[in-house]
Structures are given as C-alpha cells and as structure tokens.
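Fold and geometry: a report
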Amino acid sequence: MTTGVYRLFLLRHARAGWAAPGSSDFDRALDDQGYAEAELIAAEMADQGYQPQLVVSSTAVRCRETAEPLRRAFGEDLPIEYVDTLYRGSVDAYAEVAFAERTEASILIVGHNPMVEEFFRLVVGQPVADAAAPNGFPTAGLATIDFDMKPSDRSYTGGRLSCFMTPRSGH
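Here the structure is a predicted model, which means the values were calculated and not measured.

Considering the overall build of the protein chain
- A tally of helices and strands in the protein chain yields six helices and six strands.
- Going from N to C terminus, the protein chain has its helices and strands arranged as β-α-β-α-β-α-α-β-α-α-β-β.
- In terms of C-alpha radius of gyration, the protein chain reaches 15 Å, essentially the compact-globule figure of 16 Å for 171 residues.
- Here the protein chain, with 171 residues, has 51% of them falling under the buried criterion.
- Pairs at least 24 apart in sequence give 73% of the contacts found in the protein chain among residues at least 6 apart.
- Across the protein chain, the centroid of the 15 positively charged side chains sits 2 Å from that of the 24 negatively charged ones.

Encoded structure:
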C-alpha cells in the first residue's frame, strides 16, 4: 500500500458523557466507554504502524482526553497542538489546520462532528465516505487519508482512503 506524499488522519473524539448541570458543552469529558475507545484506537494505530508526526486537537476537554492516549502509544515526545478553531470551526477551519504550511508529512486531527464527517466526505468523496462509514463517522473513528501531493486549504479533494477503523472494528 503506497502512502503518497502527505497523510492525514482524522479522528473523531471518543464517546463523551452529557454535560453536568451548570457546565458547558466545551467541558464535557469522556465517559468510561470513551476512555476505553481512546486507548483502543491509539493502541490499534500503533499496532498498524500509523504514526502521525503531529497531532492537532480541539481544545475541548473530550478531544484533549482522546488525544492523550496517543502519547502513551507513540511516546511522550509526540507533539500535540491544541487549536480553538477546531471546537466550533467550520469545514474550512479543519482544512486550514490540515493543510497549513508545515514540515510534517503526516498529521492527525482530533475533532468534532459534524465537521469531521463533512470534511471527510469532501476529502475522499461521498461514495467512499458512505462505504467506509455508512452510519456516519462514529466516535473514536479514524480515517487514514493519503495524498499524492500536499493539498492546500482551498483545493483538497482527491484523498485516497487507506484505512478506516474504529475501536470496535480493529481495522
């Protein structure tokens, strides 16, 4: 399987509990199943050799908690950046983060639906997205997308879906 020139991993945060009374959506934490999902998907990525050079995560608590097991799976020196625009940002904000000028050839975005799913559909195309995730992009779902050329934040269609996995599927 060829990886291409640029690899994008899209990871939807793991399952979160409901917001506690008086707390905000932003502060929602993973529930017990979500913590298990985050650990499983990180371990499966490591087992499959899917190592990003950089993780960019939403600043929301549930995304931060989903990103943290990646350091346990890949090592404490895995860089993780936290970006506010991934919390309530549009698909364009996801494209700007995904295809920003940087030296890394593989990045992983930890984000939220519906933006993760919409961005995924735009990057790989509706038929491929529907085949990979017929019931929508699940919590802790991971798409591995390869490009022959590094896209820009204005032109980013044509990604090849190399793998779609969930903590439940193992692949």
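Comments concerning the pattern of salt bridges
- Tallying each qualifying case throughout the model produces nine salt bridges.
- In this structure, Arg7 and Asp146 form a salt bridge, with 2.7 Å as the shortest nitrogen-oxygen distance. Residue Arg7 is found in strand S1 (residues 6-12), and its partner Asp146 is found in strand S5 (residues 142-147); the two are separated by 139 residues along the sequence.
- Accessibility expressed as a relative area gives 12% for Arg7, which makes it buried.
- By relative accessible area, which is 0% here, Asp146 ends up buried.
- Across the pair Arg62 and Asp25 runs a salt bridge whose closest N-O atoms are separated by 3.1 Å. In this pair, Arg62 sits in helix H2 (residues 61-74) while Asp25 sits in the loop between S1 and helix H1 (32-48), placing the two residues 37 residues apart along the sequence.
- Residue class for Asp25 comes out partly exposed when judged on its relative accessible area of 31%.
- Through salt bridges that share partners, Asp25, Arg28 and Arg62 make up one connected network.

Some points on the environment of Glu39
- Here Glu39 shows up in helix H1.
- Separated by 28 residues in the primary sequence, Glu39 and Ala67 place their C-alpha atoms 9.3 Å from one another.
- Dropping the residues within four chain positions of it, Glu39 is found in contact with Pro69 and Arg72.

Thoughts on the nonpolar core
- Of all hydrophobic cores here, the largest spans 28 residues; its most connected members are Leu8, Leu10, Phe99, Ile109, Phe119, Phe120 and Ile145.
- Secondary-structure elements contributing two or more residues to this core are S1, strand S2 (54-58), helix H4 (91-98), strand S4 (106-111), helix H5 (115-124) and S5.
- Phe9, Leu11, Leu70 and Ile80 belong to the second largest nonpolar core, which has 18 residues in total.

Observations regarding unusual backbone geometry
- In this structure, the amide linkage connecting Asn113 to the following residue, Pro114, adopts the cis form with an omega of 10°.
- Its place among the elements puts Pro114 in the loop between S4 and H5.
- The phi torsion at Ala140 lies on the positive side, around 60°, for a residue other than glycine.
- With respect to the secondary-structure elements, Ala140 resides in the loop between helix H6 (126-132) and S5.
- Judged by its relative accessible area of 0%, Ala140 falls in the buried class.

The rules we used
Residues numbered from 1 in each chain as written. Predicted model: local features only at pLDDT ≥ 70, side-chain atom pairs only at ≥ 80, totals over all residues. Heavy atoms only, no water. Helix = DSSP H or I, 4+ residues; strand = E, 2+ residues; numbered from the N terminus. Rg over C-alpha atoms; globule rule 2.2 N^0.38 Å. Buried < 20%, exposed > 50% of the residue type's maximum accessible area, 1.4 Å probe, protein only. Contact = heavy atoms within 4.5 Å. Lys, Arg positive; Asp, Glu negative; His and termini not counted. Charge placed at Lys NZ, Arg CZ, Asp CG, Glu CD. Salt bridge = Lys/Arg side-chain N within 4 Å of Asp/Glu carboxyl O. Core = buried A, V, L, I, M, F, W, Y, C linked by side-chain atoms within 4.5 Å.

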